[in-house]
Every structure is written in C-alpha cells, then in structure tokens.
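If you want the building blocks of each chain, they are given just below.
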Amino acid sequence: MSKIWGQAPLSDDNDTWLGTAALVRAPDPDAARAILTPDRYADIEVHAWEFGGRG
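Remember, it's a predicted structure, so these values are computed and weren't measured experimentally.

### Focus on the overall build of the protein
Next up, step 1: Looking only at helices and strands, the protein has one helix and two strands in total.
Next up, step 2: In the protein, the order of α-helices and β-strands from amino to carboxyl end is β-β-α.
Next up, step 3: Within the protein, the fraction of its 55 residues that count as buried is 15%.
Next up, step 4: In the protein, 20% of the contacts between residues at least 6 apart in sequence involve partners at least 24 apart.
Next up, step 5: Carbon and sulfur atoms form 51% of the exposed surface of the protein, whose accessible area is close to 5,000 Å².

### As for the pattern of salt bridges
Next up, step 1: Summed over all chains, the structure comprises one salt bridge.
Next up, step 2: Note that R33 and D30 form a salt bridge whose closest N and O atoms lie 3.1 Å from each other. Placement of both R33 and D30 in helix α1 (residues 29-33) is noted, with a separation of three residues, approximately one turn of the helix.
Next up, step 3: We classify R33 as partly exposed; its relative accessible area is 34%.

### Concerning the environment of E50
Next up, step 1: For E50, the location among the structural elements is in the segment after α1.
Next up, step 2: When the C-alpha atoms of E50 and R25 are compared, they prove to be 8.8 Å apart, with 25 residues separating the residues in sequence.

### Regarding the confidence of the model for the protein
Next up, step 1: Across the protein, pLDDT averages 76, with 75% of residues at or above 70.
Next up, step 2: Looking at the elements of the protein, mean pLDDT is at its lowest for strand β1 (residues 2-7), recorded as 52, and at its highest for α1, recorded as 89.

About the thresholds
Residues numbered from 1 in each chain as written. Predicted model: local features only at pLDDT ≥ 70, side-chain atom pairs only at ≥ 80, totals over all residues. Heavy atoms only, no water. Helix = DSSP H or I, 4+ residues; strand = E, 2+ residues; numbered from the N terminus. Buried < 20%, exposed > 50% of the residue type's maximum accessible area, 1.4 Å probe, protein only. Contact = heavy atoms within 4.5 Å. Areas by Shrake-Rupley, 256 points an atom, 1.4 Å probe, with all protein chains shown as cover. Salt bridge = Lys/Arg side-chain N within 4 Å of Asp/Glu carboxyl O. pLDDT = per-residue confidence, 0-100.

Here's what the structure looks like:
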C-alpha cells in the first residue's frame, strides 16, 4: 500500500483545521480507511480513484 497525505488548508480564519487529505493505493476501501485513526476524525470518506490521471 502506498500513500501521500497532509493537512488540508485551514479555514478562512487561519486557525481552524479542516481535516486531512490522503491519496492512498490500497487493495480495498477498508484498508484505505485503516490508515486514519477513526477517533481523531468526525468522518472518513473513501472514494475510488485511479492513479495516473486521464487516459
């Protein structure tokens, strides 16, 4: 599994953390969710995406 992640931009007040964005190559959605700790996030969304851009 490979991953790239980082803090999402702050809100307009530059003080409120909005979340984390992660690009993950994983065998299934559960494996992708497992890289983030559920107790630190209000919600974890997983979206199917193909690496490599447009064909």
